[in-house]
Amino acid sequence: MKNTKASLRYAKALLELSVEQKKVEEIYADSVFINKILNECKDLVLLLNSPIIKPDKKIKILSLIFKNNVQETTFLFLKTITLKKRESLLKTIIECLIDLFKKQKNIEVAIIKTAVKLEGKLEKEILSLIKEKTRANVELRKIIDKNIIGGAIITIGDSQIDASISKKILELKQKFNKNLYIQDY
């Protein structure tokens, strides 16, 4: 991430302010909403990154998009970083804020890739296993990837469990390619 130190400072400041005002949950929800908008609307990100567009125009546009959809504190924060000409960091600030919130609430993100959609019972079993292993609250993100053929790939933080059929096939290919012919005397 670009300029993560500055982004982290702004994110910490907003988190501290939200704790002070007892609006942590609301500002977290605002952050998730803003992140979703920024991910879906690349034109908004380009607008925020543009040095040609004046800050007052950017504030008007942010006001039209966010003023009635987020807390007043969150909107004032957006306005402040725009006035300080740090609006190009908005995406990384919001991502840092979401990460800080998850650390504060002991929430671990687990990404599970499967070839087919997970059913309710199996999903609950996997979720309880992950909770037991991590001893944290778990946010489960499900990804369907037909390329893994079957099984699952579970990623939690920096660790990954690959129990996919595609991995097993790759391992078999590597075994067969190592030594096709063993000479017996």
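Residues numbered from 1 in each chain as written. Predicted model: local features only at pLDDT ≥ 70, side-chain atom pairs only at ≥ 80, totals over all residues. Heavy atoms only, no water.

The subject of this paragraph is helix α6 (residues 90-104). Between its first and last C-alpha, α6 extends 21 Å over 15 residues, near the 21 Å set by a 1.5 Å rise per residue. By the burial criterion, the buried members of α6 are Leu 90, Thr 92, Ile 93, Ile 94, Cys 96, Leu 97, Ile 98, Leu 100, Phe 101 and Lys 102. Looking at the buried side of α6, the elements it contacts are α1 (4-20), α2 (24-40), α3 (42-49), α5 (72-83), β1 (107-114) and β2 (137-144). A positive phi of about 55 degrees marks Asn 106, the residue just after α6. (Helix = DSSP H or I, 4+ residues; strand = E, 2+ residues; numbered from the N terminus. Expected span 1.5 Å × (residues − 1). Buried < 20%, exposed > 50% of the residue type's maximum accessible area, 1.4 Å probe, protein only. Contact = heavy atoms within 4.5 Å.)

On to the sheet that holds β2. Overall, mixed pairing links the 4 strands, which are arranged β2-β1-β3-β4 in an open sheet. Two strands close off the open sheet at either side, each with one partner strand: β2 and β4 (159-164). Across the sheet, the mean angle separating the axes of adjacent strands is 15 degrees when strand polarity is ignored. The pairing of β1 with strand β3 (residues 151-156) spans 5 bridges and is classified as antiparallel. Residue Ile 111 lies in a different strand from β3, and its bridge partner there is Thr 155. (Pairing = 2+ DSSP bridges. Axes fitted to C-alpha atoms, helices over the stretch in contact; angles between N-to-C directions.)

With that out of the way, let us pick up the environment of Thr 74. By secondary structure assignment, the location of Thr 74 is in helix α5. As a C-alpha pair, Thr 74 and Asp 30 span 44 residues in sequence and 7.1 Å in three-dimensional space. Contacts of Thr 74, omitting those with residues within four sequence positions, involve Ile 27, Asp 30 and Ile 34.

What follows covers unusual backbone geometry. Phi at Lys 85 takes a positive value of approximately 60 degrees, unusual for a residue other than glycine. With respect to the helices and strands, Lys 85 occurs in the loop between α5 and α6. Of note in the backbone geometry, Ile 149 takes a positive phi value of approximately 65 degrees without being a glycine.

Within the largest apolar cluster, 31 residues are counted, with the highest numbers of intra-cluster contacts made by Ile 34, Leu 38, Leu 44, Leu 48, Phe 66, Leu 90 and Ile 93. Within the residue set of this core, elements represented by two or more residues are α1, α2, α3, α4 (55-66), α5 and α6. Considering every element that reaches this core, the biggest residue donor is α6, with 8 residues. Not counting chain neighbours up to four residues away, the residues in contact with Ile 34 comprise Phe 66, Val 70, Thr 74, Leu 78, Leu 90 and Ile 94. Counting residues in hydrophobic clusters, the runner-up holds 10 residues, among them Ala 110, Ile 112, Leu 140 and Ile 154. (Core = buried A, V, L, I, M, F, W, Y, C linked by side-chain atoms within 4.5 Å.)

The next subject is the side chain of Asp 145. Here Asp 145 lies in the loop between β2 and β3. For the buried Asp 145, no salt bridge exists, and the shortest N-O distance to an oppositely charged side chain is 4.3 Å, to Lys 113. Ignoring any residue separated from it by four or fewer positions in sequence, one finds Asp 145 in contact with Lys 113, Thr 114 and Ala 115. (Lys, Arg positive; Asp, Glu negative; His and termini not counted. Salt bridge = Lys/Arg side-chain N within 4 Å of Asp/Glu carboxyl O.)

So, about the pattern of salt bridges. Oppositely charged side chains can form a pair if their charged atoms are brought close together. Inspection of the entire model under this criterion finds 8 salt bridges. Here Glu 87 and Lys 58 are joined by a salt bridge, their closest N and O atoms 2.6 Å apart. Note that Glu 87 is positioned in the loop between α5 and α6 and Lys 58 in helix α4, a separation of 29 residues in sequence. A residue is classified by how much of its surface remains accessible, and Glu 87, at 9% relative accessible area, is buried.

What follows deals with the pairing of β2. Two strands pair when backbone bridges link them, and β1 and β2 are joined in this way by 8 bridges, in the parallel orientation. Looking at β2, one finds that Glu 108 is bridged to Val 138. Since β1 and β2 lie parallel, the crossover through helix α7 (residues 120-134) that links them has a hand, and here it is right-handed. (Right-handed = clockwise from strand over helix to strand, strands pointing away.)

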